Amino acid sequence: MNYFVSIIIPTYNRAHLIEKTLDCVIAQTYTNWECIIVDDGSTDNTAQVLKKYTQEDKRFQYHHRPKDLTKGANACRNYGFELSVGQYINWLDSDDIMAPNKIEIQIELIKGSNFNLATCKWGFFNDEQSNIYLNLKSYNTFECIETFFLALKESKGYFPLHSYLMSKQIIKMTNGWNENLCINQDAEYISRLIKNVESIKFADNTNVLYRIADNTNTSSFNSIVKANEAIKSWKLITENLNGIGVPYTIKMKDFLFKKLLKTFPFLIFSNLFFFKYNIKKLIVDNLKRLL
């Protein structure tokens, strides 16, 4: 059976970057796909860029987020999912790229299954360089989700969103993207979705890259608003993973706590209950140094 894959891309003012992303979609060796691009209200020439792709390849669809939906990438993703007809979904941001064999290899790993995810190697790139992380403990197939999170704890954190290939059935059980978040949306989403997964298959001989050093990147942690959003997201993730990902969330909360100490320490005092173990650990560590 030749399974149909829906690639869903939210975009906002990425006319200068999205062509590279769409070119990596065209280059996929697996050709049975649709690519749904949902514009969040771009004011640049995104529409002109997309016109070329939709005219030359009917597998591309260009839509605008309906005005009655919440502004943001998550609402665009939810809308794109409603429009999709594929049995499998590949989320993709409008400045990231995938290796040409990415979908072909992953579909072979999970085809016919409604409750498996596929991952692959990942790394970063910008206009000057690229780098793929090697030998991460998360680079493995996992039949136990708790073991997956133990591996993430010793790796670089979550796989980037576009490294996954997943069935539409899993997504239908996940209640969509949280449209009230602007930081860690993908981590919060996966932390809910993962509960419905039976196993995670790893594709060793393919990869994805995500773009860094872009001042339009919404994940940049450079304001009080975004710091508050990060705390909000990790509260949700911690709750979602209670019982299956505790070691991982403890480590990531500690990372967030240390970052807040250097940037917005007063936010820790606004969230004392959430950070109580981190505060206790900080006090104990300081006492040990004094003794």
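Residues numbered from 1 in each chain as written. Predicted model: local features only at pLDDT ≥ 70, side-chain atom pairs only at ≥ 80, totals over all residues. Heavy atoms only, no water.

Enquirer: Looking at this structure, I do not really get the overall build of the protein. What am I missing?
Expert: On a plain count of helices and strands, the protein comes out with 11 helices and 9 strands. Computed over C-alpha atoms, the radius of gyration of the protein comes to 20 Å, within 12% of the 19 Å expected from 2.2 N^0.38 for 291 residues, which places it in the range of a compact globule. Viewed in the frame of its principal axes, the protein has a C-alpha envelope of about 70 × 45 × 40 Å. Out of the 291 residues belonging to the protein, those deemed buried represent 53%. Residue pairs in contact within the protein that sit at least 24 positions apart in sequence constitute 77% of those at least 6 positions apart. (Helix = DSSP H or I, 4+ residues; strand = E, 2+ residues; numbered from the N terminus. Rg over C-alpha atoms; globule rule 2.2 N^0.38 Å. Buried < 20%, exposed > 50% of the residue type's maximum accessible area, 1.4 Å probe, protein only. Contact = heavy atoms within 4.5 Å.)

Enquirer: What is the right way to read the side chain of Glu188 from this model?
Expert: Its place among the elements puts Glu188 in helix H7 (residues 185-193). A distance of 2.7 Å separates the side chain of Glu188 from the side chain of Arg192, its partner in a polar contact. Sequence-distant contacts of Glu188, defined by excluding residues within four places in its chain, comprise Asn178, Leu181, Leu236, Ile237 and Asn240. (Polar contact = N/O pair within 3.5 Å; in protein donor to acceptor, adjacent residues only side chain to side chain.)

Enquirer: Looking at this model, I keep getting lost on the confidence of the model for the protein. Mind explaining?
Expert: The predicted coordinates of low-pLDDT regions are not to be read in fine detail. When the pLDDT values of the protein are averaged, the result is 93; 96% of them are 70 or greater. Confidence drops under pLDDT 50 across residues 215-220; counting only partners more than four residues distant or on other chains, this segment forms 10 contacts. (pLDDT = per-residue confidence, 0-100.)

Enquirer: Is there a simple way to think about the packing of helix H9 (residues 246-263) against helix H11 (residues 276-290) in this case?
Expert: Packed helix pairs are characterised by how far apart their axes lie and by the angle those axes make with each other. For the pair H9 and H11, interaxial distance at closest approach is 10 Å and the crossing angle is 70°. It follows from the interaxial angle that H9 and H11 lie roughly perpendicular. In this structure, the crossing between H9 and H11 has a hand that is right-handed. Along its contact with H9, which presents Lys253, Asp254, Phe257 and Leu261, the element H11 presents Asn278, Ile279 and Leu282. (Axes fitted to C-alpha atoms, helices over the stretch in contact; angles between N-to-C directions. Parallel < 35°, antiparallel > 145°, perpendicular 65-115°, else oblique. Left-handed = near helix turned anticlockwise from the far one by under 90°.)

Enquirer: How should the layout of surface pockets be read in this particular structure?
Expert: It is the rolling of a water-molecule-sized probe over the atoms that shows where space remains empty. A volume near 230 Å³ is recorded for the second largest pocket. For the lining of the second largest pocket, the element with the most residues is H9, which contributes 5 residues. (1 Å grid on protein atoms, 1.4 Å probe; cavity = no way out; pocket = protein on both sides within 12 Å on 5 of 7 lines; lining within 4 Å. Points joined across faces, edges and corners; volume = space filled by probe spheres on them.)

Enquirer: Would you mind going over the packing of helix H1 (residues 18-26) against helix H2 (residues 46-56) with me for this structure?
Expert: Running from amino to carboxyl end, H1 crosses H2 at an angle of 15°, the nearest separation of the two axes being 11 Å. Considering the angle they form, H1 stands roughly parallel to H2. Where H1 crosses over H2, the handedness of that crossing is right-handed. Facing H1, whose interface residues are Ile18, Glu19, Leu22, Asp23 and Ile26, H2 presents Val49, Leu50, Lys52 and Tyr53. Broken down by class, the residue content of the contact of H1 with H2 amounts to 6 nonpolar, no polar and 3 charged. (Nonpolar A, V, L, I, M, F, W, Y, C, P; charged D, E, K, R; others polar.)

Enquirer: Would you explain the packing of aromatic side chains in this entry?
Expert: Remark: the centre distance and the inter-plane angle together describe each pair of aromatic rings, the angle taken between the planes. One pass over the full model with this rule turns up 23 aromatic pairs. When the ring of Phe81 is compared with that of Trp91, the centres are 6.3 Å apart and the planes differ by 35°; the resulting orientation is tilted. Here Phe81, found in helix H3 (residues 73-83), pairs with Trp91, found in strand E4 (residues 88-91); they are 10 residues apart in sequence, far enough to count as distant. Overall, the relative accessible area of 1% leaves Trp91 in the buried class. Clustering of aromatic rings is evident, with ring pairs tying together Tyr139, Phe142, Phe148, Phe149, Tyr158, Phe159, Tyr164, Phe202, Trp234 and Tyr248. In this structure, Arg77 packs its charged tip against the face of Trp177, placed 4.5 Å from the ring centre. (Phe/Tyr/Trp six-rings, centres within 6.5 Å; stacked < 30°, edge-to-face > 60°. Lys NZ or Arg CZ within 6 Å of the ring centre and 35° of its normal.)

Enquirer: For this particular structure, what's the right way to read the pairing of strand E2 (residues 33-39)?
Expert: For a regular strand, side chains alternate in direction, first toward one face of the sheet and then toward the other. Burial of E2 is extensive: 7 of the 7 residues sit out of reach of the surface. Going residue by residue along E2, you find Trp33, Cys35, Ile37 and Asp39 tucked away on one face and Glu34, Ile36 and Val38 tucked away on the opposite face as well. What joins strand E1 (residues 5-11) to E2 is H1, and the crossover it makes is right-handed. With 5 bridges joining them, E2 and strand E3 (residues 60-64) adopt parallel strand pairing. Considered in E3, the bridge of Ile37 is made with Tyr62. In this region the chain leaves E2, passes through H2 and returns to the parallel neighbour E3; the handedness of that crossover is right-handed. (Right-handed = clockwise from strand over helix to strand, strands pointing away. Pairing = 2+ DSSP bridges.)

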